[in-house]
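Survey of secondary and tertiary structure
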Amino acid sequence: MKSTKLYFYDTPDNKYSVTALLGAMESRSELFEEIDVGFFSRPEELEENESELQRYRRTVLAFSFFSSQLWDIRDMLLRLRPLLQRCRGVTVGGGPHVSGDGERSVTLLGLDYALLGEGEISFPALLSALLRDEDPAGMEGLCCYDRSGKLVNGGMA
């Protein structure tokens, strides 16, 4: 069994982002040896599959969104936070809103990792670091808290 379950938030508004990120992951084919990929469009889909998520060492939820989607994403993150805690989950955000406001996407919105700029560069690198249990803080194109709790902004990728 693979160690990590990666779910993409998949809506008509972000379908091109998901396609680009999956293509970027193919550049590091070893990621698919450890990661099962899935898609969701409603939080209920994840909540109904909690027993499946419990079998993985880690769950990653990936969101790409516009500023116009901010409040819907915030509400979804608030709703899913308890599930993510039970399933050793983390959240990754990218897209226009996160690139423009990465620090507040982490501090106020509650994303664990904010991808800044070209997610096709930083997303596969982040996944690789997570699979190796490395602290990705400071990585180019990433804003997050490091293991000591300090907010670290690696700038745009």
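Structure first, text after, so check above.
The present account deals with the structure reproduced in this document. (Residues numbered from 1 in each chain as written. Predicted model: local features only at pLDDT ≥ 70, side-chain atom pairs only at ≥ 80, totals over all residues. Heavy atoms only, no water.)

The next subject is the packing of helix α1 (residues 15–26) against helix α8 (residues 119–131). Taken N-terminus to C-terminus, the directions of α1 and α8 make an angle of 55°; their axes are 9 Å apart at the nearest point. The orientation of α1 relative to α8 falls into the category oblique. Two packed elements cross with a definite hand, and for α1 against α8 that hand is right-handed. Facing A20, L21, A24 and M25 of α1, the residues of α8 in contact are G119, E120, F123, P124 and L127. Considering only residue class, the contact of α1 with α8 consists of 7 nonpolar, 1 polar and 1 charged. (Axes fitted to C-alpha atoms, helices over the stretch in contact; angles between N-to-C directions. Helix = DSSP H or I, 4+ residues; strand = E, 2+ residues; numbered from the N terminus. Parallel < 35°, antiparallel > 145°, perpendicular 65-115°, else oblique. Left-handed = near helix turned anticlockwise from the far one by under 90°. Contact = heavy atoms within 4.5 Å. Nonpolar A, V, L, I, M, F, W, Y, C, P; charged D, E, K, R; others polar.)

Right, let's get into the environment of L70. Along the polypeptide, L70 turns up in helix α5 (residues 70–86). Not counting the four nearest positions on each side in its chain, L70 is found in contact with F65, H97 and L109.

This part covers the packing of aromatic side chains. All chains considered together, the criterion is met by 6 aromatic pairs. Here F8 and F39 contribute two aromatic rings whose centre-to-centre distance is 6.1 Å and whose plane-to-plane angle is 25°, an arrangement assigned as stacked. Placement of F8 in strand β1 (residues 4–9) and of F39 in strand β2 (residues 35–40) is noted, with a sequence separation of 31 residues between them. By relative accessible area, which is 40% here, F39 ends up partly exposed. (Phe/Tyr/Trp six-rings, centres within 6.5 Å; stacked < 30°, edge-to-face > 60°. Buried < 20%, exposed > 50% of the residue type's maximum accessible area, 1.4 Å probe, protein only.)

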